[in-house]
Amino acid sequence: MTRLLATTATAVLLTTGTAVPAAVPAGAPPAGTAAHVAAAPTVPCPRAPAPKVSRPPRPSPPPAVPEERVVGGDALATAGLVVPPGAPAPPKITATSWLVADLDTGQVLGGCGPHEYGTPASVQKLLLAATMLPRLDPKQVVTVTAEDMDIEPGSSAVGLVEGGRYTVETVWLGLLLNSGNEAANLLARLGGGADGAAGGVRAMNEYAHRLGALQTHAVTPSGLDGPGQFTSAYDLALIARVCFADPTFRRYALTERAQIPAQPALRTKGFQIQNENQLIYRYPGALGGKTGFTDLARHTYVGAAERDGRRLVATLLGAEPRPLRGWEQGAALLDWGFSLPRSASVGRLVEPDELSASPTVEPTPLPAPAGNRPAAASGPAGDGWPSYWSVGAVVAAAAVLLLAGLLWARRSARRRRP
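Keep in mind it's a predicted model, so treat the numbers as computed, not measured.

### Re the UniProt feature "binding site: substrate" (unreviewed entry) in the protein chain
Inference 1: Per the UniProt annotation, the sites labelled "binding site: substrate" (unreviewed entry) are Lys-290.
Inference 2: Structurally, the position occupied by Lys-290 is in strand E8 (residues 286-294).
Inference 3: In this structure Lys-290 comes out as buried when scored by relative accessible area, which is 3%.
Inference 4: If sequence neighbours within four positions are ignored, Lys-290 has contacts with Ser-122, Val-123, Lys-125, Leu-126, Leu-175, Leu-176, Ser-179, Asn-277, Thr-300, Tyr-301 and Val-302.
Inference 5: A polar atom in the side chain of Lys-290 sits 2.9 Å from the side chain of Ser-179.

Have a look at this one:
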């Protein structure tokens, strides 16, 4: 009994954040600290010259949190290039940040600024898919509402009509093949419960943090730009890994064309849509992925492929389409990744819920954006650090007192024995 309670007390202490110091070289700053991150040398990423473009001012990201920048390994806490020793030079591309990882082992093969903040554009739809695919019945027939159709004029749409009735599977195909923003609103509303699309966005943020994607904050379900909306190349790889583990997602992602049914009651004809991700047509072993673009985010891309039983994913943010389009830059990164030995690694993708027990991985709080449309509600406000630590301290102290009392009782019982 004493041993069981002592083990329980130890577990309580560990889950409330008691750290075990790691061995570090003499004079070196501790891993995961601001000094450690600052001391890491920065190697410039190989960049292809990109044409100058007119774009809105870049939003200011949240302050960098050193503990978030070392998720997956200390070597990933760089704004520059990180590759295995002796690896061939990665391709020169225009993306401002990128990462290549193994979908099965979770090994990170290399990256450029893997934890740098970027705006996601439509690759955010992968987070929507990861969150909502398990929640929604693909055979359910749903009706499109005016709220679902509230998207930015001129933005990507699959062509659903207000009042139209479609299966959830058709809506998913419209989302993943044609990047339909009205489809994103509809799916977020369906999965958001009583709070509708706002609840869907909240669920997306909660799930991102469960995955360890601590630099991801969704404001819109579609990836249309919104104040405070960010992600990173590393976070996108975590999200993509969950998506490609789902056979339904893999089937949708490799679908080349689908039929959007007619709506006789609304006098609209049916039509065919095609998958916009050129990787599935032009890259041997392609598994699919997602394209994205806004004037602010520029081109973003996630693509995965399989070769010789090895499945890799490439994620990139902030790219220009010349000299290579987004999917071509993703293909070049995949080629580079497949050229590395299977043992190559500079870090790893954390597992879902792996970070949830540590107080150092609370998501970075972001100010709630003002004036969002109903379909672009911000995520939940989390508890602050002080309350988290105070509860942890109380529980830890109680556990220590309990353990001490048990040990004293045991010794007293021994002294009383004949």
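### Observations concerning the packing of helix H4 (residues 125-132) against helix H7 (residues 196-211)
Inference 1: Contact pair H4 / H7: the axes reach a minimum separation of 9 Å and the direction vectors enclose 90 degrees. The angle between H4 and H7 places the two elements in the roughly perpendicular class. Every residue of H7 that contacts H4 at Leu-127, Leu-128, Ala-130, Thr-131 and Met-132 is listed here: Gly-200, Ala-203, Met-204, Tyr-207 and Ala-208.
Inference 2: Here the contact of H4 with H7 is composed, by residue class, of eight nonpolar, two polar and no charged.

### Comments concerning the pairing of strand E2 (residues 97-102)
Inference 1: A large share of E2 lies buried, amounting to six of its six residues.
Inference 2: Along E2, one buried face is formed by Ser-97, Leu-99 and Ala-101 and the opposite face, lined by Trp-98, Val-100 and Asp-102, is buried too.
Inference 3: Across six bridges, E2 lies against strand E10 (residues 310-319) in antiparallel orientation. Residue pairing for E10: Val-100 is matched across the bridge by Ala-314.
Inference 4: As paired elements, E2 and strand E3 (residues 107-112) share four bridges and run antiparallel to each other. Bridge pairing links Leu-99 to Gly-111 in E3.
Inference 5: The loop that links E2 with its antiparallel partner E3 comprises four residues; one of these, Gly-106, has a positive phi angle of about 80 degrees.

Parameters at a glance
- Residues numbered from 1 in each chain as written.
- Predicted model: local features only at pLDDT ≥ 70, side-chain atom pairs only at ≥ 80, totals over all residues.
- Heavy atoms only, no water.
- UniProt positions renumbered as here; feature names shortened; annotations may be inferred.
- Helix = DSSP H or I, 4+ residues; strand = E, 2+ residues; numbered from the N terminus.
- Buried < 20%, exposed > 50% of the residue type's maximum accessible area, 1.4 Å probe, protein only.
- Contact = heavy atoms within 4.5 Å.
- Polar contact = N/O pair within 3.5 Å; in protein donor to acceptor, adjacent residues only side chain to side chain.
- Axes fitted to C-alpha atoms, helices over the stretch in contact; angles between N-to-C directions.
- Parallel < 35°, antiparallel > 145°, perpendicular 65-115°, else oblique.
- Nonpolar A, V, L, I, M, F, W, Y, C, P; charged D, E, K, R; others polar.
- Pairing = 2+ DSSP bridges.

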